[in-house]
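Reading the structure
Residue-level listing of the chains:
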Amino acid sequence: MQIRPFLESDESAVIALWNACKLTRPWNDPRKDIARKLTVQRELFFVGVIDNDIVASVMAAFDGHRGWINYLAVHPDFQRRKLGATLMKYVEQRLLDAGCPKINLQVRSTNENVLKFYRDIGYEQDDVVSLGKRLIPDAPAANTAASSLASKRLRNGPRPSAPKRFESLQ
Ligand SMILES: CC(C)(COP(=O)(O)OP(=O)(O)OC[C@H]1O[C@@H](n2cnc3c(N)ncnc32)[C@H](O)[C@@H]1OP(=O)(O)O)[C@@H](O)C(=O)NCCC(=O)NCCS
């Protein structure tokens, strides 16, 4: 597997990969997730390629304190060949190169196989509760005005000051 940074032309193949891996969620628009990532540390968004096909992805970031991993995916036809472990090792080294002392990531508590995967490559469960607060609603079902405002904000950059109250969407 060749590992290289994501290119704009990879977008539809990567979204197809995420769909095949059941990583997409109604409240996350994958196109917007990609567009946002391309504005922040895009060099830490990688794809794995075999015979010109994108078979794996990982989106990483270093916030100056912790490294974060999202959208780790290996196409179902290519799983259990150590591609996930290889991609994680690669991205861990990139984060280490950036001075990152620790990686955090989130896995749904019911996803036993993925939890086993991470344990097997050296990740331990932290004694924390993961909290979240949605700032920009992506889902089409969400308030349309808010969605179009969010898209506009994505194109024009963040608004200067935060609104008083945000809608919570999980
Ligand atoms: C999680 C994922 C990336 C693992 O990729 P992978 O290439 O299949 O994993 P590897 O082959 O590198 O696995 C390394 C080890 O992890 C463990 N492991 C991996 N997948 C496992 C599974 N489904 N069940 C049990 N253990 C598993 C095994 O110990 C494995 O070694 P082995 O095959 O010699 O037994 C892949 O299953 C995937 O894309 N899942 C769907 C998307 C997803 O949920 N991503 C994580 C979001 S948090």
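Quick look at the structure, then. Keep in mind it's a predicted model, so treat the numbers as computed, not measured.

1. Description of the overall build of the protein chain
- Summing up its helical and strand segments, the protein chain has five helices and five strands in all.
- Along its sequence from the N terminus, the protein chain presents helices and strands in the succession β-α-α-β-β-β-α-β-α-α.
- Counting over 170 residues, the protein chain shows a buried share of 18%.

2. A closer look at the sheet that holds strand β2 (residues 45–50)
- Strand order in this open sheet of five strands is β1-β2-β3-β4-β5, and the pairing throughout is mixed. Looking at which strands have only one partner, the edges of the open sheet turn out to be β1 (2–5) and β5 (103–104).
- Here β2 pairs with strand β3 (residues 53–62) via six bridges, running antiparallel. Residue pairing for β3: G48 is matched across the bridge by A56.
- With respect to the sheet, helix α1 (residues 11–20) is in contact with β2, β3 and β4 (67–74), its orientation differing from that of β3 by roughly 90°.

3. Digging into the site of the ligand
- Taken together, 18 residues surround the ligand, and among them Q79, G84, A85, N113 and F117 come closest.
- At five residues, the largest contribution of residues to the shell around the ligand is made by helix α4 (residues 112–120).
- The residue inventory of the shell around the ligand, partitioned by class, reads ten nonpolar, three polar and five charged.

4. Quick look at the pairing of β2
- Across four bridges, β1 lies against β2 in antiparallel orientation. Residue P5 lies in a different strand from β2, and its bridge partner there is F46.

5. Re the nonpolar core
- With 23 residues, the main nonpolar core has F46, V58, A60, L72, L87 and V91 as its most contacted residues.
- With near-sequence residues (within four places) excluded, V58 lies in contact with F46, I69, Y71, L72, L87 and V91.

6. Considerations on unusual backbone geometry
- Even without being glycine, K22 reaches a positive phi, approximately 55°.
- Although it is not a glycine, Q41 adopts a positive phi angle of roughly 50°.
- One can find Q41 in the loop between α2 (30–37) and β2.
- Residue class for Q41 comes out partly exposed when judged on the 16 C-beta atoms lying within 10 Å of it.

7. Quick word on the environment of Q2
- With respect to the element layout, Q2 can be found in strand β1.
- Residue class for Q2 comes out exposed when judged on the 9 C-beta atoms lying within 10 Å of it.

Criteria and cut-off values
- Residues numbered from 1 in each chain as written.
- Predicted model: local features only at pLDDT ≥ 70, side-chain atom pairs only at ≥ 80, totals over all residues.
- Helix = DSSP H or I, 4+ residues; strand = E, 2+ residues; numbered from the N terminus.
- Buried ≥ 20, exposed ≤ 12 C-beta atoms within 10 Å, placed from the backbone.
- Pairing = 2+ DSSP bridges.
- Contact = placed C-beta atoms within 7 Å.
- Axes fitted to C-alpha atoms, helices over the stretch in contact; angles between N-to-C directions.
- Near = placed C-beta within 6 Å.
- Nonpolar A, V, L, I, M, F, W, Y, C, P; charged D, E, K, R; others polar.
- Core = buried A, V, L, I, M, F, W, Y, C linked by C-beta atoms within 7 Å.

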